[in-house]
Amino acid sequence: MATIRLGFGRLNFYLLKRRSFLLLKLIAVVFAVLLFCEFLIYYLVIFQCNWPKVKTSAYDSEQETHETVLKAMFLADTHLLGEVRGHWLDKLRREWQMERAFQTALWLLQPEVVFILGDIFDEGKWSSSQAWADDVVRFQKMFRHPPHVQLKVVAGNHDIGFHYQMDTYRIKRFEKVFNPERLFSWKGINFVMVNSVALEGDGCNICSEAEAELMEISHKLNCSREVNGLIPDQKQRSSHCENRQLQLASAPVLLQHFPLYRRSDANCSGEDAAPPEERSIPFKERYDVLSQEASQKLLWWLQPRLVLSGHTHSACEVLHGAGIPELSVPSFSWRNRNNPSFIMGSMTPTKYALAKCYLPHEDTVLITYCGAAGFLVVIMLVDLGLLASPFLLGCKLLRKFKTV
């Protein structure tokens with residue numbers, strides 16, 4: 001009798017030990033997959049991105065080049081979900097993805113300034129004061145940055161509403177959180193940040209104020225060109241430039257949410273361009289893109305050397321006027337595309353170089369999770385004896401093959 005009890009005791013101990021070992025294996029696999037999909041994958045993917053090199057003159061020394069190059073990141077359309085349309089699981093998944101991508105990019109790439117080209121929030125155009133405050137707190141947590149990195153934001157239609165929704169209250173609420181400056185200069189490079197939602201051209205108070213601000217910036221830039229002799233046949237300084245604070249005479253980089261006018265994305269290409277079936281759909285002025293009139297005004301007033309915009313959630317590169325390039329920056333969120341990305345810019349007062357940095361694809365993460373789930377099921381079935389061990393099955397097939 002004692003022998004039987006001892007035998008049962010040993011069997012129970014063996015089963016307990018076996019189940020504990022199985023549990024440890026399952027926990028180890030789950031932990032490894034979570035660590036890879038939620039942390040390591042961002043480092044592995046973004047580590048492959050490198051700052052583009054600016055082509056400098058042969059007589060420029062490496063030290064001078066290093067001192068004058070500004071490293072700038074450009075991203076767009078984060079669309080932080082609000083309390084109305086945002087499911088908690090959708091919020092958790094998408095916002096964790098953007099937070100990890102942004103924090104990893106800051107740590108690996110060390111940018112000096114980050115520009116977000118509008119539609120920071122998804123429901124800013126109708127959110128209540130409390131909902132707005134909650135969204136702002138979440139944004140500040142996700143896109144936290146060290147003091148030496150500057151974060152600049154332009155307004156999008158989801159932040160303050162389209163023209164018919166936009167009002168002074170929403171604009172002031174947005175500008176209270178994000179610096180309302182329109183002209184930002186650093187290391188001799190001028191950035192003009194436009195509230196493109198206000199460029200409706202119908203003479204409304206907000207639109208008139210926005211145009212007046214841009215006219216003032218245009219005068220500043222033109223006066224700087226005059227003083228530095230960059231405007232031909234200008235022998236003396238104009239009277240309107242006498243008492244004006246001058247900017248550096250660098251052609252500006254124009255940053256806005258709405259793209260400049262183009263008929264469609266038909267000429268856009270690349271893996272992060274709009275789907276082929278959508279590229280030929282005509283754009284609606286003042287809704288998908290700026291009007292032709294507003295686009296011509298911006299190009300004429302500011303004479304930018306480069307334009308960066310968002311809104312379409314897809315990449316596109318077009319040329320305007322006398323060859324001024326515009327890049328539409330894709331969405332930064334998995335909610336809007338499977339392969340989000342951002343632009344890396346190395347800039348000097350006269351030159352620039354751009355490169356694209358892709359984030360992990362959402363389907364890669366989902367496939368990894370599905371594969372891990374299948375692997376866990378196989379481990380459990382083998383341990384329960386419901387499925388032959390792949391190793392033992394391989395040995396049996398090998399013996400059978402040798403026998404034959």
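Everything numeric in this text was worked out from a predicted model, so none of it was measured.

Draft legend 1. Representation of the overall build of the protein within the structure. Counting its regular elements, the protein contains ten helices and eleven strands. Counting every position in the protein, which comprises 404 residues, the buried fraction comes to 47%. Put simply, of all contacts in the protein between residues at least 6 apart along the chain, 74% involve residues at least 24 apart. By element, 60% of the accessible surface of the protein is carried by carbon and sulfur atoms, the whole surface being about 21800 Å².

Draft legend 2. Quick peek at the pairing of strand S10 (residues 341–347). Of all seven residues in S10, seven are buried; the element is thus mostly enclosed. Burial along S10 is two-sided: the face carrying Ser341, Ile343, Gly345 and Met347 and the face carrying Phe342, Met344 and Ser346 are both buried. Bridging between strand S1 (residues 70–75) and S10 involves five bridges; their strand directions are antiparallel. Of the residues in S10, the one forming a bridge with Met73 is Met344. Here S10 pairs with strand S11 (residues 352–358) via seven bridges, running antiparallel. For Met347, the partnering residue across the bridge sits in S11 and is Tyr352.

Draft legend 3. Region of interest: the state of the cysteines. Within the structure shown, the criterion is met by two disulfides. Across a sulfur-sulfur distance of 2.0 Å, Cys49 and Cys357 are joined as a disulfide pair. Because the torsion about its S-S bond is 80°, the bridge between Cys49 and Cys357 counts as right-handed. Pair noted here: Cys49 is in the loop between helix H1 (2–46) and helix H2 (62–68) and Cys357 is in strand S11, with a separation of 308 residues, a long-range link. Sulfur-sulfur distance for the disulfide between Cys268 and Cys316 comes to 1.8 Å. On the S-S bond that ties Cys268 to Cys316, the torsion sits near -65°, and the link is left-handed. With Cys268 in the loop between strand S6 (253–255) and helix H8 (292–302) and Cys316 in strand S8 (residues 316–320), this pair connects stretches of sequence that are 48 residues apart. In terms of burial, Cys268 and Cys316 fall into one category: buried.

Draft legend 4. Local environment of the pattern of salt bridges. Tallying each qualifying case throughout the model produces 19 salt bridges. Between Glu175 and Arg182 there is a salt bridge, with the nearest N and O atoms lying 3.1 Å from each other. For the salt bridge of Asp265 with Arg262, the shortest nitrogen-to-oxygen distance reads 2.9 Å. Judged by relative accessible area, which is 4%, Asp265 ranks as buried. What you see here is one network of salt bridges that share partners, running through Arg85, Asp90, Arg94, Asp122, Arg335 and Glu362.

Draft legend 5. Structural detail: the sheet that holds S11. Strands sit in the order S3-S2-S1-S10-S11 across an open sheet of five strands; the sheet is mixed. Every interior strand has two partners, whereas the edge strands, strand S3 (150–154) and S11, have only one. Strand-to-strand, the axes of this sheet are offset by a mean angle of 20°, without reference to chain direction. Relative to S3, strand S2 (residues 113–117) runs parallel, the two being bridged by five bridges. Residue Phe115 lies in a different strand from S3, and its bridge partner there is Lys152.

Draft legend 6. Summary view of the sheet that holds strand S5 (residues 189–193). Pairing in this open sheet of six strands is mixed, and the strands run S4-S5-S6-S7-S9-S8 from one edge to the other. The sheet is open, and its two borders are formed by strand S4 (183–186) and S8, each paired with just one other strand. Along the sheet, successive strands turn relative to each other by an average axial angle of 20°, direction set aside. Sheet topology note: the strand S7 (residues 306–309)/strand S9 (residues 324–328) ladder contains three bridges and is parallel. Bridge pairing in S9 places Val307 opposite Glu326.

Draft legend 7. Spatial organisation of the side chain of His79. Mapping His79 onto the fold places it in the loop between S1 and helix H3 (88–109). Judged by its relative accessible area of 5%, His79 falls in the buried class. Ignoring any residue separated from it by four or fewer positions in sequence, one finds His79 in contact with Asp119, Ile120, Phe121, Asp122, His158, His313 and Asn336.

Draft legend 8. Layout of H3. Given a rise of 1.5 Å per residue, 22 residues ought to cover 32 Å, and the 31 Å separating the end C-alpha atoms of H3 matches this to within 8%. Gln110 occupies a position one or two residues after H3 and carries a positive phi of about 55°.

Draft legend 9. Local environment of the confidence of the model for the protein. Model confidence for the protein is summarised by a mean pLDDT of 86, while 82% of its residues fall at 70 or above. In the model, residues 61–65 has pLDDT below 50 throughout and makes two contacts with residues more than four positions away in sequence or in other chains.

Draft legend 10. Spatial organisation of the nonpolar core. If you look at the biggest cluster of nonpolar residues, it comprises 69 residues, and the most contacted ones within it are Leu75, Phe143, Val192, Leu298, Leu302, Phe332 and Phe342. Among the elements that make up this core, the one with the highest residue count is H1 (eight residues). When residues no more than four places from it in sequence are discounted, the contact partners of Val192 are Arg182, Leu183, Leu214, Ile217, Leu221, Pro252, Val253, Leu254, Leu255 and Leu302. By size, the runner-up hydrophobic cluster in this structure holds 20 residues, among which are Phe115, Val154, Val329 and Met347.

Draft legend 11. Summary view of the pairing of S2. Counted residue by residue, S2 has five buried out of five residues, so it is predominantly covered. The alternating pattern of S2 places Val113, Phe115 and Leu117 on one face and Val114 and Ile116 on the opposite face, and all of these are buried. Pairing of S1 with S2 involves four bridges; the strand directions are parallel. In the sheet register, Met73 faces S2, and the bridge partner there is Val114. Viewed along the sheet, the connection from S1 through H3 into S2 turns out right-handed. Viewed along the sheet, the connection from S2 through helix H4 (residues 129–142) into S3 turns out right-handed.

Scoring rules and cut-offs
Residues numbered from 1 in each chain as written. Predicted model: local features only at pLDDT ≥ 70, side-chain atom pairs only at ≥ 80, totals over all residues. Heavy atoms only, no water. Helix = DSSP H or I, 4+ residues; strand = E, 2+ residues; numbered from the N terminus. Buried < 20%, exposed > 50% of the residue type's maximum accessible area, 1.4 Å probe, protein only. Contact = heavy atoms within 4.5 Å. Areas by Shrake-Rupley, 256 points an atom, 1.4 Å probe, with all protein chains shown as cover. Pairing = 2+ DSSP bridges. Disulfide = S-S within 2.5 Å. Salt bridge = Lys/Arg side-chain N within 4 Å of Asp/Glu carboxyl O. Axes fitted to C-alpha atoms, helices over the stretch in contact; angles between N-to-C directions. Expected span 1.5 Å × (residues − 1). pLDDT = per-residue confidence, 0-100. Core = buried A, V, L, I, M, F, W, Y, C linked by side-chain atoms within 4.5 Å. Right-handed = clockwise from strand over helix to strand, strands pointing away.

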